[in-house]
Structure formats: structure tokens, C-alpha cells
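Results of the structural survey
Chain by chain, the residues run as shown.
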Amino acid sequence: MAAHATPQPCPRHGAPALLLLLTALATALACHHLRPRHATLTWDSLNLLQAMAPSLPQPCHHQQPPSFPDTLLHDNHTNQGAATALHILQHLFDTLSSHSTPRHWDAQARHLLLNNLHHHIQQLQQCLPANGTRFKRQGPRNRLLSIDKYFSRIHDLLHAHNHSACAWDHVRLEARACLQHLHRLTRDTRS
Amino acid sequence: FSYRLEGFETNDAEWKELPGCQNVTRTECDFSSAITEYYDRHHVRIRAERREEVSPWSSIFEMTPYFIAQIGPPGIELQSTNGVIKIKVSPPEANQVRKMWIAHVRFKYNLVIWENSSNAEFRSQSIFPTDIIDGLAPETTYCLKVQATLPLDFQEGLFSPTRCVKTTRKAVNDLFCATNVSVLALNMKFHLHWKNQYKQHVIYNVQYLLGYLKKLHDDYSMKWQNVPGCENITETQCNFSSIITSTAGFYYLRVQAVNEYKKSCLSNDVKVDPLIANEIGPPGVKLDISDVLLHIQITPPGGSESEVMREHYGLSYRVLYWKNSSNNEEEIKMKEIKQTIGTVSDLTPSTLYCVKVQAYSEAYNKSSHFSKEECIKTPGDKVLPLIILATFVTALIAVLLVATPVVFALYQAYNKIKYVFFPSCQPPLNIEGFGEQLFSSPYMSTTEEPIENCCIIETVITEEVNQIDFKDYKHSKQSSRDSGNYSNDDDTSGSKVSEETLEKEIV
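Residues numbered from 1 in each chain as written. Chains lettered and ligands numbered in written order. Predicted model: local features only at pLDDT ≥ 70, side-chain atom pairs only at ≥ 80, totals over all residues. Heavy atoms only, no water.

Considerations on the interface of chain B and chain A
At the interface, 34 residues of chain B touch 42 residues of chain A. Buried area between chain B and chain A, both sides added, is near 3,400 Å², and the carbon and sulfur share of it is 61%. In terms of surface lost to chain A, no three residues of chain B exceed L152, F154 and Y212 of chain B, which account for 22% of the buried area on that side. Run the count over chain B and chain A and you get 2 salt bridges. Measuring nitrogen to oxygen at the nearest pair gives 3.8 Å for the salt bridge that ties D148 of chain A to R106 of chain B. At the boundary of chain B and chain A, one finds 11 residue pairs in polar contact (both at pLDDT 80 or more). Listed by contribution, the elements that provide at least two residues to the side of chain B that touches chain A are α1 (65-68) and α3 (306-313) of chain B. Grouping the amino acids of the side of chain B that touches chain A by side-chain chemistry returns 18 nonpolar, 8 polar and 8 charged. (Contact = heavy atoms within 4.5 Å. Buried area = accessible area lost by both parts, 1.4 Å probe. Salt bridge = Lys/Arg side-chain N within 4 Å of Asp/Glu carboxyl O. Polar contact = N/O pair within 3.5 Å; in protein donor to acceptor, adjacent residues only side chain to side chain. Helix = DSSP H or I, 4+ residues; strand = E, 2+ residues; numbered from the N terminus. Nonpolar A, V, L, I, M, F, W, Y, C, P; charged D, E, K, R; others polar.)

Observations concerning the pattern of salt bridges
Residue and element names in this part refer to chain B. A full pass over the atoms with the stated rule returns 14 salt bridges over all chains. Across the pair E307 and R310 runs a salt bridge, and its minimum N-O distance is 3.5 Å. Remark: R310 and E307 occur in helix α3; sequence separation between them is 3 residues, near one turn of the helix.

A closer look at helix α4 (residues 107-127) of chain A
Residue and element names in this part refer to chain A. In a regular helix each residue adds 1.5 Å, so 21 residues correspond to 30 Å; α4 covers 31 Å between its end C-alpha atoms and thus fits that length. Where burial is concerned, most of α4 is hidden: 15 out of the 21 residues are buried. The opening residue of α4 is D106, an N-cap whose side-chain oxygen sits 3.3 Å from the backbone nitrogen of Q108. (Expected span 1.5 Å × (residues − 1). Buried < 20%, exposed > 50% of the residue type's maximum accessible area, 1.4 Å probe, protein only.)

What about the domain arrangement of chain B?
Annotation of chain B at the domain level lists domain 1 (2-67), domain 2 (75-167), domain 3 (179-277) and domain 4 (284-377). Placing the centre of domain 1 of chain B and that of domain 3 of chain B at their C-alpha centroids yields a distance of 58 Å. (Domains from an automatic or database assignment.)

Considering α3 of chain B
All names here are of chain B. For α3, the complete set of buried residues consists of S306, M309, H312 and Y313. An end-on view of α3 places all buried positions within 145 degrees of arc, on one side of the element. Remark: G314 follows α3 within two positions and exhibits a positive phi of approximately 60 degrees. (Arc of directions from axis to C-beta.)

Let's talk about the pairing of strand β25 (residues 315-323) of chain B
Residues and elements named next belong to chain B. Counted residue by residue, β25 has 7 buried out of 9 residues, so it is predominantly covered. Here β25 runs beside strand β26 (residues 333-337); their pairing, made up of 5 bridges, is antiparallel. In the strand pairing of β26, L320 is matched with M334. (Pairing = 2+ DSSP bridges.)

A look at the state of the cysteines
All names here are of chain B. Under the counting rule described, the total for this entry stands at 5 disulfides over all chains. At a sulfur-sulfur separation of 1.8 Å, the disulfide partner of C143 is C164. Because the sign of the S-S torsion sets the handedness, a value of about 100 degrees for the bond joining C143 and C164 places this disulfide among the right-handed ones. Of the two residues, C143 is situated in strand β11 (residues 141-150) and C164 in strand β13 (residues 163-166); the sequence distance between them amounts to 21 residues. Note that C177 is cross-linked by a disulfide to C265, the S-S spacing being 1.5 Å. Torsion about the S-S bond of the C177 and C265 cystine: about 110 degrees, corresponding to right-handed handedness. Pair noted here: C177 is in the loop between β13 and β14 (179-186) and C265 is in strand β20 (residues 264-266), with a separation of 88 residues, a long-range link. The exposure class assigned to C265 is buried, which follows from its relative accessible area of 6%. (Disulfide = S-S within 2.5 Å.)

Following this line, the structure appears as C-alpha cells:
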């Protein structure tokens, strides 16, 4: 795993990078009329995540966490915010629907969280053009790629630690950070 | 000639040999084992070698594996049953540890199906990993193939190999199945309705499934749950509001019908997106009027559920108001507000205004029916009654001012007339009967007097002379009464009487 000395865009502590990310994605989300909806959906997801997986009683010693791509910070284009958010949500949905999630996680809350994420994804997909326009420039493709890279590292982490409770706890924290950013973003841009 | 390949990743310091691609005699080589980072940029170069001679390195070939990779074909399992085809799709890279396409839930599967005959039409549809293909003719062979796509990445994968299967005939015993399953929802109260042409004894169980489960590659057939309150029922409707715990998320519902022989039949799945299926009911309206403002108080639709509706729909209200007069040409005005209190100004006094309100959601493009019409009358002009009162009082005073002297004058006139024509003076008492005797009978009864039988001729003559000159020296006679013929008291009355009688005759 290559080590990047970059700030964490799904970071758990505030950072100037975070502000840039928020600003970028703020101008980037299409479907203005759905923005309040997005804010509610991310808020609900956060609550469900908390209900599903409360903090571990014994703190884990986390290794170097995977760093979220900083290219997202420089996003200026409106249409791509929805694509970025959608990409992140799809990965979250995929990760949390894995069969190897810890047994002590609340099953009912997990069901509702996954249903919520799925619904959010469907809503965002409506914001994007049906056939899509292939991004002309490399930038947007790189952006989505960096999200894939980030989640790929999370999968590697889980695999390396054999899907232990500690590894999953780390994943939980990353998921929470991502949802918090998405929520702050959609909330702040609500008209 | 043999070829040697070297490559390096972006973050590597130097070129490395690519394993399995040293001394290659063909003009192609598989160097997959050297690629570990699918998202990083890789550089590859090649040169030819012959014994001791080596060519210069070629130009560098740059690539990111993720961008040039193609999605492979998915796996298919088919089952032909009851006139339909059940299909189960397994994703490409299903059992690989290292995946190029992580997040397999992202795959959207595209099915292409056609009848195995000449000039067959190709039908293309999107399917879930576990799905049922219906709308097919029974006892017919169909061929199909599936591809996995990633819409966000603009990737369409390779098609699976074509598979052909023959449909069975439809079972005829399924007349008792529930049909026309539909959802009716108002103000977040959800009801499922269905029909059944089989009139015999049938029991129903309504089941639900969380929507996301169909997106996963796992078999969800065991994950259906019963809707509480709709188990073993005989009615053809079910209130399933209790399972809609969150408005974020789809649900699938189906009806299981069981006949008296314990044979069961499942209806089609109905997808329910709560906020889209739900209809917004009309709001309540209350009107209040002050001097210049009409206050409209709106009760959001849904009662206790209104919090949910307001929060998720972002409800706004469309207020229509108009003057309700006999002239139907009055213009209907509209106002759109977000709050539950609205005001209308510019009111005409003493006019009946009517209002009706509709709730709507811009985000969901939904609007409710209009509420009942409520009407209220604006108060009259306060100034006008004052004017009327002032005018009345003034007129009253004016009338009084004019009438009083007139009445007084009339009264005076009346008194004068009464005085002249109907005087009220009384004559003195001593001549009280005077006027009466003058107009009463000219003849009076006299008392009998004693008559002496003697005749006095002189007296008669004297009396006649007295009679003629009576008028002339009546006064003198009167004045000298004492010395006259009345020396005798006994005769006084008699002579007097006779004089009076004579006067009467003269007059």
C-alpha cells in the first residue's frame, strides 16, 4: 500500500482540505430540489450507522488509515458532485452489505441503513443523465478512480486483518466521516 | 528474435522486469501477474533481443489498468417454471480475491432475449441479479444473454454466452391467485388492494421485502416477512403502514393466496416508494378577519403524520381567494406560501371573500386536492355609519328649528280664532236672563188680578193718551214716579203690570 502524505478528505478531524471539499461539492451537486432530501437521507444514514454499530468498548490501534483522494478538493464542476456523491454512496453500500460484518452489529438497523443508502443512490441516479456523457477530460475520471482506490484500500485493510472487529470498527469510522461530509455539504447548500 | 518487457508503476523508482515476459517469442505477452495496483499509472517498454544484440527500448506505453479494463461476462443460471424463466446472475470476478471492479452491487445487468425463430425481435431489459422474466409465450424456446454494466464509469461489459431455454405451460390451477395488486396511500397511511376472481374460500398473507435486498447478489427468497395484521385474512385489502418505518427506501409487497386445499400462489411483487406512492390530502383552512387583513390559518394535511410529510415533501401551499359576489366575473387570485399562516391585504369592505387551499410538494411534483371553501365577510366601512348618524342628527335639529316656530305660530293663530269666534267672556249676573226673555215667548202669563166692577171713563182716555205719549214722557214718568199715580201701594203692581203690557204691545 503506497503511503500518501496527503490530508484525509473523509477525515475524522477537521482540516482545511475538508472546507475545500465541502465548497467544491457544494457547487457541484445538481438536482437542487432534491437537496433537502439528500440532507435528510445522509442524516438518517448517520443515525442508523450509529444505531447499528456503536463504538467498541476497547479502543483499537488503527494502523495508517487509507487516505481519501485529495483530487476531490479541486472539483469545480456542477455535474460531477452528484457523480462523486453517488460513487461514494455505492461503495459504502457495497462495503456495509458484506456478509462478513460483525455479529454484534444490530441487524435491523443495518437493514434500514442499507435500504436508506440504496434509496439515496437511486435518487442521485435520477440526477445524472440517463445515458451519461462521457467525461471529456481526464479529471473527472481520475476523481472517480481515486474514490475506487480509497475503497480498495479499505477492502485490503479488512482482508489483511481477516475481517476482525477492529478492522470493521475502522471501516465504521471511515463510513461515518464520509457521511458526515456529505451531510454537511447538502445541508449547507439547502436553499 | 525474442522480446523483453519491463515496466514500472508511477511510484516506483526504477524499471522492473515483468515476469513471464522475458524471452518472449510471440508478439504478445500476459503480464497480469505484475499488476497489483489497478488504479495507478503503469509504464511498459519493450525491446527486441537477438543473441548479444539488443534494440533500443521502445517508446513508453502508459496505461492505468482500471481505465483500459473491460468488464467480463457474468455467469447465468436459468430455471424454466410455470410459464416464466427464473434467472440468477453471478457477477464477473465472482470468486476472485483481487477485484478490478470492487462494489459488485454497482453492476446493472442488461438482459437481451429473443425467440428462437427467424425474424425474432430482440427484447432488452434491465434485470436484478435474481429475477423473473415473464411476458413470455408458453411452450416456446427463448435465447438470452446478459451483460454487466457500470453506468457511472460508462462501462458496458462483455455478454455472457447465449443460453436457450424452453418455457413451460402456465399452471391452470392458479385461478385463485391475487391479481391487480395495487397501492393506495393517503397522508402516509398505506393500503394494499387486490382482486380475486375465485369466489371460494381463500386466505391471504401479505408479505414485504426491503427494497435493497433485490440489488444484492444473494438469494432473497427467504427474506420476505409477513406484514403484521395482514396474516391469514379474508379481506382483499391490507393496511401496511406499520412496516413503513422509514420514508427512505423502497419496499416490495406481494400477496400469498392459499386455497382450501392448502395450495398457495404468490402474486407479482409491487414496488412501493413511500413518498412517491403517497398522496397528499387536503389541508384545513380557518379564516380570521381584522380591519385591513384577512388571516388564513392552514392546518397541514395528515394530522399526527404531518410532521413526516412536511419534513420530507417540503410542503408549500397554494392559496386561492376571490370575492364571492353575484357577478361571477370576479377574478380568482393566487398566492403561494411556505408557512401555515398567510395574509391577504387590499380588501374591499363589506365583501364576502372565499378561500381554498392546496398543499403541494415541488420536489415530488405532487399536489393535494383543494380544501373546502371557507368564506368570511369583511367588515363595513366604519366611516359611513358615522356620516349617516351625523346627517341624521343635523337633519333632526334643522327640522326642530324650523318646526318649533311654525308650531308656535299655528298655536297663536288658533287662539286668536278661538277668541274671535268662540269668546270665552261671561255676561254679568244681573242681566243674566235678559237675553233669554227677549227671545223667549212674547206672551207671558199674568196673574189674575182682582177686577173691580167699575168703569172709569177718564181713566181710559187718560190711559189712551198715556199710551200715545208713552214713549215720550216715559222717562219723565219714571222720574216722577213717586208723585204719580202710584200713591196707593195696592195698585202699584197692578199698574206697573199694565204699563209693561202696553210697552210690549208698542214694541
